[in-house]
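Chain by chain, the residues run as shown.
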Amino acid sequence: MSGDTPAARPPTLPPPHTPWGGISSWVRGTALPRPRPEALGLARFNALPLDDNLALLLRCCGSRRWAERVAAHRPYPDVESLLAASDEACYDLNGAELGEALAEESLSPQPLVGARGPGTLAAHTALRAAHAEYERRFRHVFVICLDGYRDEELLDQVLSALRTRLGNEEDEERAVTADELRRLARGRLWRLLGTVT
């Protein structure tokens, strides 16, 4: 859910925070990093006006400071340089900036695509309960990068990660969450650009 004002996003851009590659990606049906046909490409990314560039970056990570830092280093000579800058900007987020980014992530778990068959309803019930416990314990949404997993593996991965991470101390979980958010931003950027440079 986005807290951005309509004025912050030009109407020609897609809606904010299209869920790519993370816990919200279940709605789209895949967590695998696949280039999208409407991929922007690095040359167009580098050439966008600053406001448009920031709007696109905020779809990848909801921290304004992260988006500004990534945008400030344009033009990027290659996609790997952009992804490295994204990683560096994520590592530098303070607690408030991480909280801002987390506030822009999906607030409710979506049904897992590919999770069907006996026990699925019970698993989804367990998933909702685990999410609620996680949010009660850590006071922010659960984020996980699911890039590289097949649809039929998603439910097990999320439930396993939730169980494990519920055992973390608050500082430890904050570090894990920050790294998952970094991985999500990286995957979303990759898909935004596609393979066209």
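In this text, all values refer to a predicted model and were calculated from it rather than measured experimentally.

### Some words on the confidence of the model for the protein chain
Model confidence for the protein chain is summarised by a mean pLDDT of 79, while 73% of its residues fall at 70 or above. At the level of individual helices and strands, the protein chain shows its lowest average pLDDT in helix α6 (residues 120-138), which scores 88, and its highest in helix α3 (residues 64-72), which scores 98. Within the model, the stretch residues 1-37 combines pLDDT values under 50 with 97 contacts to residues more than four positions away or in other chains.

### Let's talk about α6
Since the α-helix packs 3.6 residues into each turn, any two residues three or four apart lie on the same face. Between its terminal C-alpha atoms α6 stretches 26 Å, which fits the 27 Å expected from 19 residues at 1.5 Å a residue. Those residues of α6 that sit buried are Thr120, Ala123, His124, Leu127, Ala130, His131, Tyr134 and Phe138. In an axial view of α6, the angular spread of the buried residues amounts to 120°, which keeps them on one side of the axis. Exposed and facing more than 90 degrees away from the buried side of α6 are Leu121, Ala122 and Arg136. In this structure, the buried residues of α6 make contact with α7 (154-166) and α8 (170-193).

### With respect to unusual backbone geometry
Peptide bonds are, in most cases, trans, and in most cases residues other than glycine have a negative phi. A cis geometry characterises the amide bond from Arg74 onward to Pro75, with omega recorded as 0°. By the secondary structure assignment, Pro75 is in the loop between α3 and α4 (79-91). The phi dihedral of Arg139 falls on the positive side, at around 65°, and the residue is not glycine. For Arg139, the location among the structural elements is in the loop between α6 and α7. We classify Arg139 as exposed; its relative accessible area is 57%.

### Section: the pattern of salt bridges
In the structure shown here, the tally under the stated rule is 16 salt bridges. Arg186 is the partner of Asp87 in a salt bridge, and the nearest nitrogen-oxygen pair spans 2.7 Å. Taken together, the residues span a long stretch of sequence, with Asp87 in helix α4 and Arg186 in helix α8 at a distance of 99 residues. Classification of Asp87 by relative accessible area gives buried; the value is 11%. Note that Arg150 is salt-bridged to Glu152, the shortest N-O span being 2.8 Å. For Arg150, a relative accessible area of 47% gives the class partly exposed.

Cut-offs used in this document
- Residues numbered from 1 in each chain as written.
- Predicted model: local features only at pLDDT ≥ 70, side-chain atom pairs only at ≥ 80, totals over all residues.
- Heavy atoms only, no water.
- pLDDT = per-residue confidence, 0-100.
- Helix = DSSP H or I, 4+ residues; strand = E, 2+ residues; numbered from the N terminus.
- Contact = heavy atoms within 4.5 Å.
- Expected span 1.5 Å × (residues − 1).
- Buried < 20%, exposed > 50% of the residue type's maximum accessible area, 1.4 Å probe, protein only.
- Arc of directions from axis to C-beta.
- Salt bridge = Lys/Arg side-chain N within 4 Å of Asp/Glu carboxyl O.

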